[in-house]
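Commentary on secondary and tertiary structure
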Amino acid sequence: MQADGWQAMKPGAVIEQRRPDGSLRHLITLEDLARSEIETLLERAQYYVREVGQRPPASERLRGVTIANLFTEPSTRTRVSFELAGRRLGAQVVNLEVQLSSRAKGETMLDTIFTLQALHFDVFVIRDAEPGVLSHVAAHVAPHVSVLSAGEAHLSHPTQGLLDALTIRQHKGAISGLSIAIVGDIRHSRVARSAYHVFRALEARELRIVAPAALMPEAREFAGCRRFERLEDGLVGVDVVMMLRVQKERFAQSEVPDGDEYFARYGLTAARLARAAADAIVMHPQPMNRGVEIASEVADGPQSVIRAQVSNGVAVRMAVLEAVAGGMAA
Ligand code: NCD
């Protein structure tokens, strides 16, 4: 594909995610999903949830569908859960390690995609550090092919947003009644951005972001959220505390307190958590830095739902894969 094809899709520009009949074809952002679409996905995901120790769900809904996992950034949970989700729906899943250099990235990615399309791949699950790559690929694939984001730069991580919403619903009921604090490196976090979109769509009562000044997003982002620089203030009375990792790989670190100093000001300890509602839940997308953004007593404590988040990741990815590719199964 030509360089002008790449330039035509500006970073941040989002492609139409639906087919002409309105059904979901790609999932690159949650930004334009209606409340009803999100709720339908969450209900279907809930159908696939099983307790740990029970046999996982097995279906043939995606029999004959071939899925490629293309991850150019590290991933454990997201990659494994997309793989399991595809397999548990009866699809064939292939994991590809892709090494890409930055400037030529768009072209290289498309060459890879066209090769895989010729091999009858139908769904591309992509994680990439460069904004715009997902929409660029989606703009060039064959009409029957779907593109799913497994994390795009700092911009979006839609299946994480959905699994976070599902986890909250399971523990606290409807999101519309809740006060939710997202804490830590909001500025560089795709998890925070997708959480923000899904919580807004589901009409959370109150959204707060808590971060040191250097990790706060720009003023035009996270509209409607209350901003706090002191963790002690931001936690008061909230129903949900969502902790984030400092995304050291996404910026020069000098302006942000490190390690012990960060923990001293922003680490979630049991004493600080006591400022939230007595039945508040604690979330973290992982990987966790124990002793930096969260104390082990909290991460492993009774209010933590961090492991439920992981389990829900498979169920949500099953629901999303089924939504985009269920119509093409053999
Ligand atoms: C996150 C990610 O990659 O955005 N991890 C995940 O997918 N669960 C968060 C992080 O890396 O801190």
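Residues numbered from 1 in each chain as written. Predicted model: local features only at pLDDT ≥ 70, side-chain atom pairs only at ≥ 80, totals over all residues. Heavy atoms only, no water.

Focus on the domain arrangement of the protein chain
In plain terms, the rule: What counts as a domain boundary in this text is fixed by an automatic or database domain assignment. Whether two residues are in contact is decided by their heavy atoms: any pair within 4.5 Å suffices. Take the accessible area each of two parts loses on contact, using a 1.4 Å probe, and add the two losses: that sum is the buried area. Note on definitions: salt bridges are taken to be side-chain nitrogens of Lys or Arg within 4 Å of carboxyl oxygens of Asp or Glu.
One can read the domain layout of the protein chain as domain 1 (35–153 + 311–328) and domain 2 (158–299). Each of domain 1 and domain 2 has a C-alpha centre, and these two points are 26 Å apart. Every contact between the two is made by 24 residues of domain 1 and, on the other side, 19 residues of domain 2. Here domain 1 meets domain 2 over a buried area of about 1800 Å², counting both sides, of which 56% is carbon and sulfur. When residues of domain 1 are sorted by the area they lose upon contact with domain 2, Arg35, Leu42 and Arg77 head the list and together hold 32% of the total. Here domain 1 and domain 2 share two salt bridges between them.

Quick word on the pairing of strand 5 (residues 179–183)
Put simply, the test is: Residue burial is assigned from relative accessible area. The probe radius is 1.4 Å, only protein chains are included, and a residue is buried under 20% of its type maximum, exposed over 50%, and partly exposed in between. The secondary structure listing takes helices from DSSP runs of H or I that are at least 4 residues long and strands from runs of E that are at least 2 residues long, numbered from the N terminus. The rule for pairing is simple: two strands pair if DSSP sees at least two bridges between them. Here the term right-handed applies to a crossover when the path leading from its first strand over the helix to its second strand runs clockwise, the strands being oriented away from the viewer.
With five of five residues buried, strand 5 lies mostly within the body of the structure. The side-chain alternation of strand 5 yields two buried faces, one formed by Ser179, Ala181 and Val183 and the other by Ile180 and Ile182. Where strand 5 lies against strand 6 (residues 206–210), five bridges are found, and the strand directions are parallel. Within the sheet, the bridge partner assigned to Val183 lies in strand 6 and is Val210. Between strand 5 and its parallel partner strand 6, the chain crosses via helix 7 (residues 190–201), and the hand of that crossover is right-handed. One ladder, built from four bridges, connects strand 5 with strand 8 (residues 240–243); its direction is parallel. Opposite Ile180, over in strand 8, you have Val240 as the bridge partner.

Re the sheet that holds strand 5
Working definition: the strands of a sheet are paired by backbone hydrogen bonds and lie parallel or antiparallel to each other. To be explicit about the condition: Fitted lines through C-alpha atoms serve as axes, helices being fitted only where they are in contact, and the angles separating the N-to-C directions of these axes extend from 0 to 180 degrees.
Ordered by their spatial adjacency, five strands build an open sheet running 7-6-5-8-9, and the pairing between neighbours is parallel. A single partner strand is all that each edge strand has here, and the edge strands are strand 7 (226–228) and strand 9 (281–283). Within the sheet, the average angular offset between the axes of one strand and its neighbour, ignoring direction, is 20°. Against the sheet, helix 6 (residues 158–172) contacts strand 5, strand 8 and strand 9, and its axis sits at roughly 165° relative to strand 9. The sheet strands contacting helix 7 are strand 5, strand 6 and strand 8, and the helix crosses strand 5 at an angle near 170°.

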